Structures are given as C-alpha cells and as structure tokens.
Amino acid sequence: MHKYIGMKKGRFVLLSLLLSLFTYNILAQHDAGYKKYIPSYDISVAIGDPMLASFYTDGYFLFRPYYDPKPFSFDDYVFGPEEYAGNTYITPVISTKITYQAASWYKVGGVFGYFGYYAKKHDVFTDAIVRRENTHVFLLMPEMMLLWLNESIIQIYSGAGLGIAITMKEKLFTNEPSKNGLELSLLPTYHLNIIGARFGKELFGFVEYGVGFKGMFSAGIGYKFVK
Amino acid sequence: MKHLSVLYTLFLLFILFSFSSCIYENQREPQPTQSGKAIYDSWHTHMFTVLQGDILKALHFSYYLDTQESQKIAVEDSLFSLFKIRDLSNGVWGLFLGADKIYDINTSTTSLYHVGTEWIFKRTVSSSNHPLFSNSEIAYTITCIADSTWNISAVGDGNPFCYVSLQLQQLGPTQFDVSGEGRFGIQSLNSYYYETENESNTPVVFLSFTLEETAKSRNNFQNWSHGIISLRAYKLDGNERVTQVQMLNPSGDVYAVKVNYKGVSKVWSLSPNYYYY
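About the criteria used
- Residues numbered from 1 in each chain as written.
- Chains lettered and ligands numbered in written order.
- Predicted model: local features only at pLDDT ≥ 70, side-chain atom pairs only at ≥ 80, totals over all residues.
- Helix = DSSP H or I, 4+ residues; strand = E, 2+ residues; numbered from the N terminus.
- Buried ≥ 20, exposed ≤ 12 C-beta atoms within 10 Å, placed from the backbone.
- Contact = placed C-beta atoms within 7 Å.
- Pairing = 2+ DSSP bridges.
- Axes fitted to C-alpha atoms, helices over the stretch in contact; angles between N-to-C directions.
- Parallel < 35°, antiparallel > 145°, perpendicular 65-115°, else oblique.
- Left-handed = near helix turned anticlockwise from the far one by under 90°.
- Nonpolar A, V, L, I, M, F, W, Y, C, P; charged D, E, K, R; others polar.
- Core = buried A, V, L, I, M, F, W, Y, C linked by C-beta atoms within 7 Å.
- pLDDT = per-residue confidence, 0-100.

**Side note on the overall build of chain A**
Argument step 1. Counting its secondary structure elements, chain A contains three helices and nine strands.
Argument step 2. Walking chain A from its N terminus toward its C terminus, one meets helices and strands in the order α-β-α-α-β-β-β-β-β-β-β-β.
Argument step 3. Counting the 227 residues in chain A, one finds 30% classified as buried.

**Quick look at the overall build of chain B**
Argument step 1. Along chain B, the regular secondary structure elements total three helices and 14 strands.
Argument step 2. Looking at chain B as a whole, 30% of its 277 residues are labelled buried.
Argument step 3. Nonlocal contacts in chain B, meaning residues at least 24 apart in sequence, comprise 38% of its contacts between residues at least 6 apart.

**Notes on the pairing of strand β3 (residues 92-97) of chain B**
Residues and elements named next belong to chain B.
Argument step 1. Judged from the five bridges that link them, strand β2 (residues 84-89) and β3 form a sheet pairing that is antiparallel. Among the inter-strand pairings, S89 is bridged to a residue of β3, identified as V92.
Argument step 2. Between the antiparallel neighbours β2 and β3 lie two residues, among them N90 with a positive phi of about 45°.
Argument step 3. Pairing of β3 with strand β4 (residues 100-106) involves six bridges; the strand directions are antiparallel. Residue W93 lies in a different strand from β4, and its bridge partner there is I105.
Argument step 4. Between β3 and β4, which pair antiparallel one after the other, the connecting turn spans two residues, and G98 there sits at a positive phi close to 65°.

**Some points on the packing of helix α2 (residues 34-66) of chain B against helix α3 (residues 69-79) of chain B**
Residue and element names in this part refer to chain B.
Argument step 1. Orientation of α2 relative to α3, taken along the N-to-C sense of each, is 165°, at an axis distance of 9 Å. Classified by the angle their axes make, α2 and α3 are roughly antiparallel. For the crossing formed where α2 meets α3, the hand is right-handed. Along the contact surface, α2 presents H60, Y63 and Y64, while α3 presents K72, V75, E76 and L79.
Argument step 2. Of the residues belonging to the contact of α2 with α3, the class tally is four nonpolar, one polar and two charged.

**Structural notes on the nonpolar core**
Argument step 1. Grouped together as the largest cluster of nonpolar side chains are 56 residues, with contacts concentrated most on A58, L207 and L231 of chain B.
Argument step 2. Grouped together as the second largest cluster of nonpolar side chains are 15 residues, A46, I90, F115 and L139 of chain A included.

**Quick notes on unusual backbone geometry**
Trans peptide bonds make up the majority, and among non-glycine residues the majority have a negative phi.
Residue and element names in this part refer to chain B.
Argument step 1. Of note, the phi angle at T109 is positive, near 60°, even though the residue is not glycine.
Argument step 2. Looking at the element boundaries, T109 is found in the loop between β4 and β5 (118-123).
Argument step 3. You can call T109 exposed: it has 10 C-beta atoms within 10 Å.
Argument step 4. Even without being a glycine, F221 presents a positive backbone phi close to 70°.

**Concerning the environment of D41 of chain B**
Residues and elements named next belong to chain B.
Argument step 1. Looking at the secondary structure, you find D41 in helix α2.
Argument step 2. A count of 22 C-beta atoms within 10 Å places D41 in the buried class.
Argument step 3. Sequence separation between D41 and S62 is 21 residues; the distance between their C-alpha atoms is 30 Å.

**Brief notes about the pairing of strand β9 (residues 175-186) of chain B**
All names here are of chain B.
Argument step 1. The sheet contact formed by strand β8 (residues 163-172) and β9 spans nine bridges and is antiparallel. Note that in β9 the partner of Q170 across the bridge is F176.
Argument step 2. Linking two consecutive strands that pair antiparallel, namely β8 and β9, is a turn of two residues.
Argument step 3. Strand direction decides the pairing type here: β9 and strand β10 (residues 205-217), joined by ten bridges, are antiparallel. In the sheet register, I186 faces β10, and the bridge partner there is V205.

**Looking at the confidence of the model for chain A**
All names here are of chain A.
Argument step 1. Residue-level pLDDT values for chain A average 81, and 77% of them are 70 or greater.
Argument step 2. For the stretch residues 1-7, pLDDT sits under 50, and the model shows zero contacts to residues farther than four places along the chain or on other chains.
Argument step 3. In this model, residues 60-68 is a region of pLDDT below 50 whose contacts with residues beyond four sequence positions or in other chains number six contacts.

**Some points on the confidence of the model for chain B**
Residue and element names in this part refer to chain B.
Argument step 1. Summary statistics for chain B give a mean pLDDT of 86 and a share of 82% for residues scoring 70 or more.
Argument step 2. This stretch, residues 190-198, has a pLDDT under 50; its non-local contacts, to residues over four places away or in other chains, come to eleven contacts.
Argument step 3. For this predicted complex, the interface score ipTM comes out at 0.72, alongside a pTM of 0.74.

**Some words on the environment of A256 of chain B**
All names here are of chain B.
Argument step 1. Along the chain, A256 turns up in strand β13 (residues 254-261).
Argument step 2. The partly exposed category is assigned to A256, around which 17 C-beta atoms lie within 10 Å.
Argument step 3. In the structure, A256 is positioned 224 residues away from P32 in sequence and 17 Å away in space, judged by C-alpha atoms.
Argument step 4. The contacts of A256, once residues within four sequence positions are left out, are L248, P250, V267, W268, S269 and L270.

**A word on the environment of L82 of chain B**
Residue and element names in this part refer to chain B.
Argument step 1. If you trace the backbone, L82 turns up in the loop between α3 and β2.
Argument step 2. Classification of L82 by C-beta neighbours within 10 Å gives exposed; the count is 10.
Argument step 3. Expressed as a C-alpha distance, the spacing of L82 and V92, which sit ten residues apart in the sequence, is 19 Å.

Next comes the structure, spelled out in structure tokens:
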C-alpha cells in the first residue's frame with residue numbers, strides 16, 4: 001500500500017514538473033505582450049522515442065527485439081568468432097527544426113535529426129572488447145504543418161514530412177584496425193504528426209504525437225524570432 | 001526569470017533524454033565452451049546415425065534371422081515395420097523401402113552373434129548427408145570377435161576420407177559399450193534453413209574423434225552415460241577447433257557432458273535432451 005502511494009507521489013511530482021515548465025514559460029512571457037507576428041521563424045529542438053525509426057533502419061521490423069541472433073550453422077557455431085554481444089544502446093531521436101510561418105494556418109520547415117545504436121562485442125575468454133559496431137542515422141526531412149488553433153499562447157497543429165535517412169554502419173576492431181569498415185546507405189523517411197501542441201510565445205515548449213522517424217511521442221523547446 | 005526558465009527546461013529535457021535512451025538488446029552470457037559443446041553435439045548426432053541408424057539394424061537383422069520361424073513375423077513387425085525383407089541369394093538379404101533397396105546384407109549364412117562371423121552391411125543409397133559421406137554406398141564390415149562383441153569398420157568418401165573403426169560390445173538389449181575412432185564429414189552444415197546453394201559433393205567440415213575411455217550407452221545410443229572423447233573439428237583451410245568431452249550420468253535419466261575447451265571446463269546438462277539446432 002505504502003509502495004503504491006510512493007509510486008503515485010513520484011508520478012505526481014514528475015507530472016507537476018512538466019506542467020510547471022510550460023506554465024512558467026507562459027507566465028514569464030506574459031509581460032512581453034503577444035501579437036501574431038506573421039511571417040515569423042522559429043527554431044526548435046526535440047527528443048523523440050526511436051521505436052519506429054529503429055525498426056526501419058535495423059531491418060527487423062517489429063520482431064527485432066525478440067529475434068535471437070544465434071549462428072545459423074554448425075560452421076558458424078564452431079568456427080565463428082569466439083565472442084559475445086554486450087548491451088546494445090540506442091539513443092532517442094534528437095532533432096532540430098527550423099520553421100517558417102507564412103500564414104495563420106500553415107507553416108513549412110526542415111528537420112535535421114540523429115539517432116544511433118552503440119554495440120560492443122567481447123572476447124568470450126577474456127571479456128575484452130574486440131570490436132564496436134555503431135550505427136549512426138541522420139535524418140533530413142522537409143515538413144509542412146497545418147494549424148488548427150493559432151492563439152497567443154497555444155497552437156494546435158498537425159503535419160507531415162518526407163525525406164531521407166543517411167545510415168552509417170561502422171565496425172571498429174580493437175586489435176585489427178585494418179579490418180575497420182564503414183557502410184553507407186540511404187533510405188526514405190517519413191513522419192506524420194497526428195497532433196501537436198505548442199505552448200508559449202517567443203520561448204515555447206511543445207509535445208507531439210505521430211507516426212514516423214521522429215518518434216511516436218516527442219517533446220522539445222524552441223524559440224520564435226519575431227520582427 | 002527567463003534564464004531560470006531556460007535552465008529548468010534544459011534540466012527537464014535532460015531527464016527526458018535519459019528516460020528515452022534505452023538498451024535495445026541485452027548482453028548475452030559469455031559461453032567460452034560453446035564451440036566445444038557444438039562439436040560434441042554434432043558428434044553425438046552423427047554417431048547416433050551410424051550406430052542406431054545402421055549398425056543396430058544389422059544386429060536386429062541377425063536377431064531376426066536367429067528367430068524361430070513362428071516368431072519371425074512378430075519380430076519383423078517390431079523391428080522392421082517400415083521395410084520389406086527380401087532373400088536375394090546365398091545369404092544375401094535386402095531391406096527395401098517400396099521398390100528401393102536401402103540395405104544390402106551379406107550374412108555369410110551365419111549369425112552375427114557367432115564368433116568369427118563377418119557381415120558386410122551395405123547402405124546402398126547415396127548418402128551425402130551421412131556422416132561417412134558417400135556419393136554411392138557405404139559398406140560396414142562387422143566382425144564378431146568375442147561373445148556379443150564386434151569390430152566395425154567402414155570407409156566413406158571425402159578427402160581426407162571419412163571412416164569409423166569401432167569396437168562394440170552388447171551388454172543387454174539396449175546396452176552397449178563403444179570404443180574406437182573415426183572421422184565424419186559434415187556437408188550441409190545442420191542449418192536452420194536448408195540452403196541448397198551450399199550443397200556440394202564434398203564435406204565442408206571434418207570431425208575426427210577418438211574415444212579415450214570406453215563410451216557406455218544404456219538406451220540404444222540416445223545418451224552416453226560414461227566415456228571420454230577427444231574431438232577435432234577442422235576445415236581444409238587449416239581452421240580447427242579441438243575439445244575433450246567427458247560424458248556423465250549423474251543420476252537416473254539425467255545426462256550431462258563436461259566440455260573442456262581451450263582451458264575452460266563447463267558441465268552442460270543434457271536433460272531433457274538438448275538440441276542446438
């Protein structure tokens with residue numbers, strides 16, 4: 001019972017912190033006086049979950065976390081490298097976006113994003129790191145947004161973007177640098193922002209829910225440049 | 001106030017970042033003896049093919065021949081239910097699956113249980129997946145050298161050639177002791193997915209073995225309860241792996257192997273029967 005109350009308390013504190021972020025911003029900017037400056041530019045930084053992006057770029061859609069990469073054959077088992085995989089870490093999708101609001105109901109912008117996987121292979125006898133296998137994915141995506149609500153301290157919008165992802169897979173061997181390799185590939189990217197909400201005037205925070213490379217859920221901050 | 005707001009925002013973003021970066025795939029447990037275990041598993045599978053798939057048929061056939069006429073049909077139904085038994089001529093018998101002769105048995109018209117008897121037991125179908133690796137037939141020479149004790153030898157194809165040179169002693173209906181040595185050829189790599197492009201007429205990996213201590217099986221070669229075996233898996237490019245395995249039967253139906261590989265030892269449980277592939 002106490003434990004449950006403790007968890008609820010923790011959630012309440014975290015939620016309060018998040019909410020207070022935006023209200024604090026809004027209140028802090030209250031004195032500046034708001035005007036719907038159009039046209040205007042803004043720049044923002046966001047963090048999103050890498051769930052869909054990782055499925056696409058790793059090649060094992062949906063089943064990847066459950067796939068057991070055992071060697072396929074006796075040959076692989078017996079004569080394959082005597083190593084084992086350490087944890088594979090994946091970063092969130094970190095993206096920055098520049099937007100231009102030309103009218104009260106739409107904006108256009110460009111997104112540049114990054115996420116990566118970081119994995120190590122260890123020697124099965126000594127535990128030493130024998131190689132690192134890192135994947136870096138860079139996203140470039142033009143985006144368009146339609147504003148459903150464009151008020152002084154809040155904007156509600158949807159959007160969509162299409163672009164490309166540049167994938168760099170590198171293998172770095174600890175003791176045999178001559179075997180290091182880098183593999184480059186391109187693949188199309190997309191993001192459908194189902195609904196997004198932005199709070200604040202010059203300095204603003206936003207949250208978005210959608211489907212695509214930027215993450216199902218993303219949040220961030222930005223700054224609006226007004227003339 | 002604005003500066004504080006920015007700092008506060010950055011702090012929250014840092015928290016969000018920390019929560020959204022994640023471990024994608026958990027670390028695997030290091031298994032230094034895994035190669036040795038895989039070599040043993042392969043030997044176990046191939047030895048089973050030789051002993052239960054072929055040699056036990058010869059012993060069963062001798063039992064069938066030694067059975068009284070009135071009992072023969074019952075023995076045939078029990079031990080050769082899939083086969084048709086045909087007397088070809090002068091002590092030569094054939095075991096047929098449909099119209100195909102699978103085994104050709106030259107019995108010299110004497111029981112395999114008589115000391116001094118020598119049988120030629122031929123597997124007549126092409127056996128590129130057989131551990132003795134042959135594109136034509138595999139002929140076992142089985143010689144009874146003592147009471148319920150036989151020397152078994154066979155030479156297959158491959159370069160180097162595959163062979164077995166074993167001594168088998170029967171201690172009960174399903175109880176056997178085995179010693180000797182041999183070399184198996186592995187061609188199709190026991191893959192999850194059968195890859196036809198890998199199919200060739202030569203073994204890819206060779207598996208040499210020597211039974212350093214007599215191996216004992218109490219259930220028709222399905223498990224080994226005792227024995228020490230030295231195993232060497234190698235390819236023609238010079239790549240090789242060597243291991244020594246002790247077969248254990250801690251209790252009842254519990255079987256295990258102690259795998260010694262590159263200076264590391266580990267006991268692998270085999271109960272219930274454990275399969276890699």
